[in-house]
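Fold and contact review
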Amino acid sequence: MVKLRVTTTFILGFLTATIFVSVLQAEANSKMQKQPFGKTEDGQQTDLYLLTNKNGVEAAITNYGGTVVTLKVPDRNGKFDDVVLGYDKLEDYEAGKAYFGAIVGRYANRIAHAKFTLDGITYTLPKNDGDNHLHGVFNKRVWNAKDVSSGAGQALELTYLSKDGEDGFPGNLSVKVVYTLTNQNELKIDYSATTDKDTVLNLTNHCYFNLAGQGNGDILQQQLMIRADRFTPVDANLIPTGELRKVKGSPFDFTTSTVIGARIDQDDEQLKLGKGYDHNWVLNNSTAGSLFVAAQAYDSHSGRQLEVSTTEPGLQFYTGNFLDGIHGKGGKVYNRRYAFCLETQHFPDSPNHPQFPSTVLRRGQHFQSTTVYKFSTK
Ligand code: GLA
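What comes next is a walk through the structure. What you see is a predicted model; the values in this text were computed from it and never measured.

Description of the pairing of strand β9 (residues 121-124)
With four bridges connecting them, strand β8 (residues 115-118) and β9 associate as antiparallel partners. For L118, the partnering residue across the bridge sits in β9 and is I121. Where β8 folds back on β9, the antiparallel hairpin that results is connected by two residues, among which D119 adopts a positive phi of roughly 50°.

Structure representation (structure tokens):
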């Protein structure tokens, strides 16, 4: 009898403690810090949200462009460094042209001749990259922000209504992006959207990573693996020719982990056109729509590893070829190839390539896409 009572008391005590700990945990997850990030030139207030997890990982995200401003992760000795490029101040993001850390849309990447035809109607977009349309304006917009933290981790929901005709695209597009920082050291990005008219859509995040820490030299010694047997070669305007070319035997073969700089300056037509890597890889993801490990990057000095999973069919791997001495965070200067981007997305110029996976979003359809950037050390 006594034994039973002791056991019951013990179980009850244990349960209470467990509940108490999970309440504390949920509370810890829900306290997201927020501070002003300044006013835009046209007077809109912006904020900076600090997401943290139980391992001390921090992601500071502003609702200006849904931009990841800092991302601090540990190296193999537990030393934290900020591994994304960016600016200290809002005005630099407003003036900037590199898309550092931002949400990119309505159409991430290039649309040839800034034109496409949908349902028999031709739409004309602004030319902001030679003769092309590139990346859209979502990175320069102030998004509505809401703390939606849960047991899964601290989470920031950002919403934006892109009006019918904005940048030339049809349909009022309602976009939602949720950033979640999990206790598994993942920055998870969930994108969703609906439209009231048929349109095209390609959303990505444009973080520039340097696993040695932002501004700490180039990324040429860091390693990369991309799970793609093919890529989309480009023409002189960086527009896909339409061919899906095998990477085997070329500097585009990252099917096994390879040092980024090993072949970057080879005498290769495609590398010359991109001034390095600036191409879309066709992921070996046969079940588009489910999370697929697309790439893994590794810095042997710090031991930091980044794994990218996505539901998207493509990955733009860009080696910061256009970085030309940009003054970034904390007095750091970003020179050529000081970072790499792994932009999960649909293929560039898809609206003009009917054979590519479709980027059309029909009225009433629900768009959904997920990408996870997971950090670890080894
Ligand atoms: C993308 C493009 C690059 C470049 C950057 C932004 O990655 O593919 O060519 O425009 O964005 O500088």
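We are not done yet, so read on.
So, the packing of aromatic side chains
In this structure the tally under the stated criterion is 26 aromatic pairs. Taking 6.1 Å as the distance between ring centres and 40° as the angle between the ring planes, the aromatic pair formed by F209 and F340 counts as tilted. Here F209, found in the loop between β16 (204-205) and β17 (223-226), pairs with F340, found in the loop between β26 (333-334) and β27 (341-345); they are 131 residues apart in sequence, far enough to count as distant. Of the residues examined, F340 reaches a relative accessible area of 0% and is grouped as buried. Plain terms: the ring middles of F231 and F252 are 4.2 Å apart, the flat faces sit at 5° to each other, and that makes the pair stacked. Of this pair, F231 sits in strand β18 (residues 230-232) while F252 sits in the loop between β19 (245-246) and β20 (258-259), placing them 21 residues apart in sequence. An identical accessibility class is assigned to F231 and F252; each is buried.

Details of the pairing of strand β13 (residues 173-181)
Taking burial as the measure, the nine residues of β13 include seven buried ones, the bulk of the element. Note: β13 against strand β14 (residues 186-195), nine bridges, orientation antiparallel. Within the sheet, the bridge partner assigned to L173 lies in β14 and is T195. Hairpin geometry of β13 and β14 is characterised by an intervening segment of four residues between the two adjacent antiparallel strands and by a positive phi of about 60° at N185.

Some words on the sheet that holds strand β5 (residues 80-82)
Whether parallel or antiparallel, the strands of a sheet pair through hydrogen bonds between backbone atoms. With antiparallel pairing, the five strands of this open sheet are ordered in space as β1-β2-β3-β4-β5. A strand with exactly one partner marks an edge of an open sheet, and here the two such strands are β1 (33-39) and β5. When strand polarity is set aside, the average angle formed by the axes of neighbouring strands in this sheet is 20°. Pairing between β1 and strand β2 (residues 45-52): six bridges, direction antiparallel. Bridging from a neighbouring strand, P36 pairs with D47 of β2.

Some remarks on the site of the ligand
Around the ligand sit A98, Y99, R110, L134, H135, H206, Y208, D278, Q316, Y318, F322 and E343, and that is every residue in its neighbourhood. Between an oxygen atom of the ligand and a side-chain N or O atom of R110, the distance comes to 2.6 Å. In the environment of the ligand, an oxygen atom lies 2.4 Å from a nitrogen or oxygen atom belonging to the side chain of D278. Of the residues that constitute the shell around the ligand, the class distribution is six nonpolar, three polar and three charged.

The rules behind these values
Residues numbered from 1 in each chain as written. Predicted model: local features only at pLDDT ≥ 70, side-chain atom pairs only at ≥ 80, totals over all residues. Heavy atoms only, no water. Pairing = 2+ DSSP bridges. Helix = DSSP H or I, 4+ residues; strand = E, 2+ residues; numbered from the N terminus. Phe/Tyr/Trp six-rings, centres within 6.5 Å; stacked < 30°, edge-to-face > 60°. Buried < 20%, exposed > 50% of the residue type's maximum accessible area, 1.4 Å probe, protein only. Axes fitted to C-alpha atoms, helices over the stretch in contact; angles between N-to-C directions. Near = heavy atom within 4 Å. Polar contact = N/O pair within 3.5 Å; in protein donor to acceptor, adjacent residues only side chain to side chain. Nonpolar A, V, L, I, M, F, W, Y, C, P; charged D, E, K, R; others polar.

This is a description of form; function is not addressed.
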